[in-house]
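Tertiary structure, described
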Amino acid sequence: MDPMTGTAFVIATTLKILVFFVLLLVFVALSTYFERKVAGFIQDRSGPNRVGPLGLLQVMADGLKFILKEEVEPGGANKKFFFLAPVLGLVPATVLFAVMPFASPAPTRWGLMEMIVADVPVGFLYVLAIASLGVYGIVMAGWASNSKYSFLGGLRGSAQMVSYEVALGMSLVPVLMLVGNVQMPEIVSAQQNFATGPAAYGAWFFLPLMLTAFVFLVAGLAETGRVPFDLAEAEGELVGGFHTEYSSMKFGMFFLGEYAHLITTAALITVFFLGGWDIPFWQGDNIRVLADGTVIGEPTWWKTLLTFGSFAVKTLILVLFFMWLRWTIPRFRYDQLMDLGWKVFIPIMMVYIMILGLAMYLLDEAGIPVGWQYSGALIVLNLIMMVTLIWGLDRGMIVKGATSRTRRRAGGIRGRMTPTAPSEVD
Amino acid sequence: MSSTTVPEQTIDLITGTPPAEGGADTDPAIQALRRRFDSAILSVHTDAVDAPCAVIDPASNYDVLEFLKTDPAMAYDLLVDVMGVDIGGGRPIRVWYQLWSMRHGRQLRIECRVPYENLELRSVTPLWRTANWLEREVWDMYGVTFTGHPDLRRILMPENYDEGFPLRKEFPLRGRFARSEQVRRALERKGEEIYAREELEMAGVLAATEEDAPSDELIPELSMKIGPELLADGLEADRMVINMGPQHPATHGVLRLVLQLDGENVERCIPHIGYLHTGFEKTCEYREWNQVVPYTDRMDYLAPMIYNIAYAGAVESLLGIEITPRCRAVRLILSELNRLLGHLLWLGTTAMDIGATTVFIYTFGERETIYNLHEAYCGSRITNSATRIGGMLADLPAGWLEACRDFVRRLPETLDESERLLTRNSIWMARTMDIGVIDAETALNFGLTGPNLRASGIAYDVRKARPYLGYDEYDFDVPVGVTGDTYDRYLVRLEEMRQSIRILEQALDRVPDGPINVSDPAVILPPKSEAMGSIDAMIAHFKLVMEGLQVPAGEVWYSVEATKGELGIGIVSDGGSKPVRCRFRAPSFVNLSALPYLVEGGLVSDVIAVNASIDIVLGEIDR
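A short tour of the structure in this document, coming up. (Residues numbered from 1 in each chain as written. Chains lettered and ligands numbered in written order. Predicted model: local features only at pLDDT ≥ 70, side-chain atom pairs only at ≥ 80, totals over all residues. Heavy atoms only, no water.)

Turning our attention to the overall build of chain B. Secondary structure assignment for chain B yields 25 helices and 15 strands. Looking at chain B as a whole, 62% of its 623 residues qualify as buried. Restricting the contact set of chain B to residue pairs at least 6 apart, pairs at least 24 apart contribute 69%. Surface summary for chain B: the accessible area is close to 23,000 Å², and the carbon and sulfur share equals 53%. (Helix = DSSP H or I, 4+ residues; strand = E, 2+ residues; numbered from the N terminus. Buried < 20%, exposed > 50% of the residue type's maximum accessible area, 1.4 Å probe, protein only. Contact = heavy atoms within 4.5 Å. Areas by Shrake-Rupley, 256 points an atom, 1.4 Å probe, with all protein chains shown as cover.)

Written as structure tokens, this is what we have:
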């Protein structure tokens with residue numbers, strides 16, 4: 001079956017945009033509910049349970065509250081940018097979904113419909129470009145609010161996002177090295193296992209590129225600006241950071257933007273490292289449309305639905321993971337965050353890219369074809385590096401400040417007591 | 001009594017008991033003082049808990065205190081408190097310096113009687129940095145000028161307050177001005193009179209009046225030279241001054257910190273307190289002894305009963321009565337429960353400030369149980385007012401001890417859980433280790449007490465140093481830290497909670513039977529049945545109700561270990577039914593005064609972490 005063309009393509013794309021934009025917003029709204037339920041579960045309490053069955057309508061109540069609340073504009077605020085900032089906070093997170101392949105292609109009467117809104121040739125470069133726009137929302141909000149707390153938050157946010165943008169970009173280089181293409185569907189199919197046709201690695205990239213996946217996960221989390229990277233917001237320090245002065249739906253848009261960002265990041269990790277819509281241990285979903293229009297595999301509607309389910313489940317698990325993190329660990333300090341980005345992740349990725357390049361060269365020289373053996377060798381290599389890194393992380397060599405603990409805890413703190421102590425001062 | 005009349009003070013000199021056999025005169029410090037400053041020592045006496053006191057010539061206060069601090073045989077290294085006492089009638093204002101020697105385990109009080117005509121003393125801030133805030137408070141409340149003080153301005157009252165000095169006896173309870181007059185005067189004020197000198201300096205207002213201010217002629221020269229030093233100089237004017245508080249999620253109340261920032265680095269920090277000042281100490285002077293109790297638990301509302309118990313203990317020592325063994329055990333149990341209450345809140349909020357929200361909910365769950373125990377005991381949860389002079393408001397209800405035992409058995413689990421979330425957490429360690437470091441000597445100099453001092457390595461705990469409520473009969477340790485950083489303060493408090501559990505486990509099994517109140521009809525109302533049945537009891541009842549409790553003339557300094565540090569209560573009585581002076585040495589007031597030292601040079605995030613770690617409660621700071 002041939003891919004869609006002409007009018008059918010235009011109509012199908014419009015429909016896809018509508019359906020998936022609405023779906024995304026629904027998911028965003030539900031994830032706020034989900035987050036509160038998860039928090040409730042972690043903290044031994046119920047979470048929202050008053051509005052509607054199981055508290056599900058809480059989402060509606062919140063939305064209504066945002067819309068109906070009075071909007072306050074601080075004196076001396078720059079109106080234009082003050083208004084523009086929340087828009088810029090929400091839009092990039094949503095338009096990122098345009099290049100996300102969320103299911104296997106579906107056959108229709110008018111041709112094969114690729115389940116991606118826009119399969120742009122620049123692929124993840126588009127992702128990096130749009131994701132970096134998100135920082136403008138924070139900077140503008142911080143600056144336009146005419147408040148010192150907001151300003152500090154904006155500064156923190158911009159520095160953080162710009163730094164982690166670099167780590168994020170570098171952690172995609174290994175993916176590019178393996179796939180040799182930046183197009184998102186190509187990345188998905190490279191993680192599948194094809195009996196015939198083009199070469200694929202037959203393993204989700206979080207295995208052969210474990211370290212990269214880890215860095216991408218952390219950098220992605222930093223991009224979303226959630227705990228432990230919520231420095232721009234830091235309610236305990238900067239009150240609300242860049243959105244301190246926002247109220248009503250303008251605040252609501254930042255709020256939605258944060259969750260849209262969360263889902264988008266989770267979806268990106270799914271595509272890059274968790275095989276996208278691929279269903280594990282099953283060859284039936286290995287469907288691919290080559291550049292010349294040839295279709296490998298047998299696309300059907302039910303497979304499309306199944307693969308979409310697989311994509312959604314993976315994304316949700318990641319979202320759950322991020323929420324779990326948020327309710328478990330404290331936040332970094334500003335300088336520690338920058339250190340982690342510039343002094344840890346970027347050097348690690350540089351070295352990693354070189355090691356990976358060398359390994360790939362050696363494997364090619366050894367004549368091992370792309371496939372499970374190739375992936376297996378990379379997995380072993382990654383495991384070794386990963387263990388070294390985690391060992392290093394846990395030894396307090398990465399996050400500064402924890403170095404002295406073995407020295408100090410040597411004696412322990414318990415029971416060192418003398419009644420009316422002889423002064424230890426003199 | 002009308003609020004404008006001066007309360008009558010009939011007794012000319014309120015002092016403690018004269019030195020008995022082996023009293024104050026045998027105290028080595030007093031003997032040494034007599035040898036060295038004989039002419040300056042006016043009299044000596046002991047107070048109700050047999051602590052030696054020396055009345056000295058106000059002119060030589062600095063020399064005497066310097067000797068007491070620096071002489072190795074004296075080594076009074078902790079200035080616990082500086083407080084004023086006005087006994088009214090235009091008699092000299094007394095300034096007490098309450099001292100403690102870590103090495104010798106001795107306390108001493110130096111009293112200066114400063115005449116109204118010349119209300120001046122030499123400041124001891126060069127000796128103890130803690131004197132800074134304490135002397136400011138005496139100036140604020142009594143108008144005693146401390147010469148040589150670096151920053152003598154109002155501390156609890158507003159900077160533009162000009163109704164006088166509130167704790168003087170001639171000052172009416174309701175103040176002097178109407179609200180409208182206060183507003184009118186406030187509006188007439190110039191900015192320079194309202195702000196701290198440092199703040200004005202920051203704002204560049206002061207520089208304009210000083211000689212070293214850059215004049216216009218220098219500017220062309222400046223712009224011609226381009227060098228790194230000059231560039232740095234030029235940038236120095238570009239500092240951000242930010243107000244943290246009084247409304248801020250992480251200042252634990254209405255505390256205002258003025259921070260001067262260079263980027264995220266804190267260059268200067270000036271705390272402003274007093275937003276919650278309600279004049280408890282003044283009000284207490286107009287209340288009968290038992291009526292003071294409700295004011296005490298409103299100070300440290302996070303561990304209210306410790307204040308109740310401390311106040312009752314102070315008055316009882318002045319009365320010279322011994323509480324019943326059962327009462328002692330009950331008070332001890334309640335003290336330790338409240339220590340847990342305070343420390344659990346501290347753990348939760350500190351974790352919350354540093355970003356770990358879940359610990360907060362865990363510890364608050366446990367606090368809820370303690371509040372339930374409070375409620376089961378006395379009906380109220382937060383402001384209990386549970387003590388009466390000579391006993392408690394009621395005996396323990398049936399089953400209370402079992403409920404408490406259940407709680408004590410369960411609590412370690414929550415502590416372990418919280419500790420698993422934090423103690424070995426990389427981010428937590430990175431946020432707290434080597435942050436806000438204060439070494440032992442500096443900590444003592446700042447007058448820190450409680451867990452903050454112990455985290456710096458000094459095992460000073462009032463429960464061990466001057467045991468009260470029979471703490472010496474229980475087996476517990478005092479944990480100390482090594483470096484005095486935020487992490488050590490965290491570990492010390494965690495361990496203290498475990499030690500409190502240990503004390504509770506012992507105490508709950510040892511509560512003796514018997515009456516909870518003393519059977520002294522001059523102190524405690526006789527039971528109703530007796531009051532209706534016997535004439536003696538009825539007379540006692542009548543007298544107690546109509547005249548109130550009479551406390552013999554005298555003075556006392558009584559201190560306990562509160563959750564935040566040493567809570568000292570200084571009480572002066574003229575033998576009447578109301579205190580002449582009721583001073584609360586709030587531990588967090590003194591601890592907070594060290595905050596600038598701890599945070600300057602750190603980052604904004606560290607201000608939050610350190611401020612949380614020193615554990616303040618604004619209720620007792622502002623009083």
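Looking only at helices and strands, one finds 14 helices and 4 strands in chain A. Across the 426 residues of chain A, 55% fall into the buried class. Taking the intrachain contacts of chain A between residues at least 6 apart in sequence as the baseline, contacts between residues at least 24 apart amount to 77%. For chain A, the accessible area works out to roughly 19,000 Å², and carbon and sulfur atoms hold 71% of it.

Our focus in this paragraph is the sheet that holds strand S14 (residues 566-573) of chain B. Residue and element names in this part refer to chain B. Taken together, 3 strands build an open sheet; the order of strands is S13-S14-S15 and the sheet is antiparallel. Only two strands of the sheet have a single neighbouring strand rather than two, namely strand S13 (554-561) and strand S15 (579-585). Shown here is a sheet whose adjacent strand axes are inclined to one another by a mean of 10°, direction ignored. Here S14 runs beside S15; their pairing, made up of 6 bridges, is antiparallel. By the bridge assignment, isoleucine 571 is partnered in S15 with cysteine 582. Taken strand by strand, helix H11 (residues 304-319) contacts S13, S14 and S15, and its axis lies near 145° from that of S13. (Pairing = 2+ DSSP bridges. Axes fitted to C-alpha atoms, helices over the stretch in contact; angles between N-to-C directions.)

Residue and element names in this part refer to chain A. Taking 1.5 Å per residue, 26 residues should reach 38 Å; helix H10 (residues 248-273) reaches 37 Å between its end C-alpha atoms and fits that length. The buried fraction of H10 is high, at 21 of 26 residues. Looking one or two residues past H10, glycine 275 carries a phi angle of roughly 75°, positive in sign. (Expected span 1.5 Å × (residues − 1).)

With 61 residues of chain B at the interface, the matching set in chain A holds 47 residues. Taking both sides of the interface into account, the surface hidden between chain B and chain A amounts to around 4,800 Å²; carbon and sulfur atoms contribute 58%. Viewed at the interface, chain A and chain B are joined by 11 residue pairs in polar contact (both at pLDDT 80 or more). Counting only elements with at least two residues in the side of chain B that touches chain A, the list comes to strand S8 (240-244), helix H12 (325-354), helix H13 (357-378), helix H15 (426-432), helix H16 (440-445), helix H18 (462-465), helix H19 (486-508) and helix H24 (604-613) of chain B. A breakdown of the residues in the side of chain B that touches chain A according to their chemical character gives 33 nonpolar, 13 polar and 15 charged. (Buried area = accessible area lost by both parts, 1.4 Å probe. Polar contact = N/O pair within 3.5 Å; in protein donor to acceptor, adjacent residues only side chain to side chain. Nonpolar A, V, L, I, M, F, W, Y, C, P; charged D, E, K, R; others polar.)

If charged atoms from side chains of opposite charge come close, those side chains can pair. Residue and element names in this part refer to chain B. Going through the model one piece at a time under the given rule, you end up with 47 salt bridges over all chains. Of the charged contacts, one joins glutamate 375 and arginine 381 as a salt bridge, the two residues approaching to 2.7 Å between their closest N and O atoms. Notably, a salt bridge pairs aspartate 416 with arginine 498, separated by 2.6 Å at the nearest N-O pair. One end of the pair, aspartate 416, is in helix H14 (residues 400-422); the other, arginine 498, is in helix H19, with 82 residues separating them in the sequence. Judged by its relative accessible area of 34%, aspartate 416 falls in the partly exposed class. Since its relative accessible area comes to 16%, arginine 498 is described here as buried. Taken together, the shared-partner salt bridges connect Glu336, Arg339, Arg454, Asp461, Arg463, Glu496 and Glu561 into one network. (Salt bridge = Lys/Arg side-chain N within 4 Å of Asp/Glu carboxyl O.)

Let us now look at the packing of aromatic side chains. Given two aromatic rings, their pairing is described by the distance between the two centres and the angle made by the two planes. Evaluated as defined, the whole model comprises 35 aromatic pairs over all chains. Members of the aromatic cluster, joined through ring pairs, are A:Phe66, A:Phe251, A:Phe255 and A:Tyr259. Lying over the aromatic face of B:Trp346, B:Arg493 brings its terminal NZ or CZ to 4.7 Å of the ring centre. (Phe/Tyr/Trp six-rings, centres within 6.5 Å; stacked < 30°, edge-to-face > 60°. Lys NZ or Arg CZ within 6 Å of the ring centre and 35° of its normal.)

What follows covers the sheet that holds strand S9 (residues 256-262) of chain B. Residues and elements named next belong to chain B. The 3 strands lie next to each other as S8-S9-S10, forming an open sheet whose pairing is antiparallel. What marks the edges here is a single partner per strand, and that holds for S8 and strand S10 (265-272). The mean angle between the axes of side-by-side strands here comes to 20°, regardless of whether they run parallel or antiparallel. With 7 bridges joining them, S9 and S10 adopt antiparallel strand pairing. Residue pairing across strands places leucine 259 opposite cysteine 269, the latter belonging to S10.

Turning next to the side chain of B:Asn338. Along the chain, B:Asn338 falls in helix H12. Contacts of B:Asn338, omitting those with residues within four sequence positions, involve B:Leu302, B:Ala303, B:Pro304, B:Met305, B:Ile306, B:His374 and B:Thr563.

All names here are of chain B. Buried residues dominate S14, accounting for 8 of its 8 residues. Burial along S14 is two-sided: Glu566, Gly568, Gly570 and Val572 and Leu567, Ile569, Ile571 and Ser573, pointing in opposite directions, are all buried. Two successive antiparallel strands, S13 and S14, enclose a turn made up of 4 residues, where glycine 565 displays a positive phi of approximately 150°. Counted between consecutive antiparallel strands, the loop separating S14 from S15 contains 5 residues, among which glycine 575 sits at a positive phi close to 90°.

The next subject is unusual backbone geometry. Note: most peptide bonds trans; most residues except glycine with negative phi. Residue and element names in this part refer to chain B. Notably, alanine 75 is not glycine yet its phi reads approximately 50°, a positive angle. Residue position: alanine 75 is located in the loop between helix H2 (61-70) and strand S3 (78-85). Since its relative accessible area comes to 5%, alanine 75 is described here as buried. For leucine 469, which is not a glycine, the phi torsion comes out positive at approximately 50°. Following the sequence through the fold, leucine 469 ends up in the loop between H18 and H19. Looking at leucine 469, the relative accessible area reads 11%, which means it is buried.

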